Amino acid sequence: MADEKVQLAKVKRLENDYTRQLDHQQAVQHHTRWLGRRRMRRALRIGLVFAVFALILGIQLIRTNASLHKVNQQVATSERQLTKTKAENTQLILKLNN
């Protein structure tokens, strides 16, 4: 294998305005595709960050809503107990006055 010589290609690349224009077009296309992929990755990352924040805020909103519902139930229960206690207090005052 070491004895094998590297053979040069018999065909040389044509170097003129047309081939330079094709090379330039291919380079521009490659750069455009590269930018497109880069922008898509950037958009995906931004979307993921937005989704994470939306998820966190959504969970907080649900937990706050559940907590509010629980507090409202406690307030309603306390108001019922207060009404009952006031009624008892009124009856006791009436008994004392009689």
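For clarity, every value in this text was computed on a predicted model and none was experimentally measured. (Residues numbered from 1 in each chain as written. Predicted model: local features only at pLDDT ≥ 70, side-chain atom pairs only at ≥ 80, totals over all residues. Heavy atoms only, no water.)

**Digging into the overall build of the protein**
Move 1: Within the protein, the secondary structure is distributed over 1 helix and 0 strands.
Move 2: Relative to its length of 98 residues, the protein is extended, with a C-alpha radius of gyration of 40 Å against a globular reference of 13 Å.
Move 3: Along the first, second and third principal axes, the C-alpha set of the protein runs to 125 × 40 × 10 Å.
Move 4: Buried residues in the protein amount to 1% of all 98 residues.
Move 5: A total accessible area of about 10100 Å² is found for the protein, and carbon and sulfur atoms account for 61% of it.
Move 6: The centroid of the 18 positive side-chain charges in the protein is displaced by 13 Å from the centroid of its 7 negative side-chain charges. (Helix = DSSP H or I, 4+ residues; strand = E, 2+ residues; numbered from the N terminus. Rg over C-alpha atoms; globule rule 2.2 N^0.38 Å. Buried < 20%, exposed > 50% of the residue type's maximum accessible area, 1.4 Å probe, protein only. Areas by Shrake-Rupley, 256 points an atom, 1.4 Å probe, with all protein chains shown as cover. Lys, Arg positive; Asp, Glu negative; His and termini not counted. Charge placed at Lys NZ, Arg CZ, Asp CG, Glu CD.)

**Details of a positive patch on the surface**
Move 1: Side chains of Arg33, Arg37, Arg38, Arg39, Arg41, Arg42 and Arg45 sit close together on the surface and give a patch of like positive charge.
Move 2: Looking at where Arg33 falls in the secondary structure, it is placed in helix 1 (residues 17-97). (Patch = residues over 30% accessible without salt bridge, like charges linked within 9 Å, V, L, I, M, F, W, Y side chains within 5 Å. Salt bridge = Lys/Arg side-chain N within 4 Å of Asp/Glu carboxyl O.)

**Regarding the environment of Ile56**
Move 1: For Ile56, the position within the fold is in helix 1.
Move 2: Separated by 22 residues in the primary sequence, Ile56 and Ser78 place their C-alpha atoms 33 Å from one another.

**Some words on the pattern of salt bridges**
Move 1: A full pass over the atoms with the stated rule returns 3 salt bridges.
Move 2: Residue Arg13 pairs with Asp23 through a salt bridge whose shortest N-O separation is 2.6 Å. Of the two residues, Arg13 is situated in the segment before helix 1 and Asp23 in helix 1; the sequence distance between them amounts to 10 residues.
Move 3: Judged by relative accessible area, which is 31%, Asp23 ranks as partly exposed.
Move 4: Residues Arg20 and Asp17 are paired through a salt bridge, measuring 2.9 Å at the closest nitrogen-oxygen approach. On the criterion of helical spacing, the pair formed by Arg20 and Asp17 is a turn pair, its members being 3 residues apart in helix 1.
Move 5: Each of Glu15, Asp17 and Arg20 takes part in one network of salt bridges that share partners.

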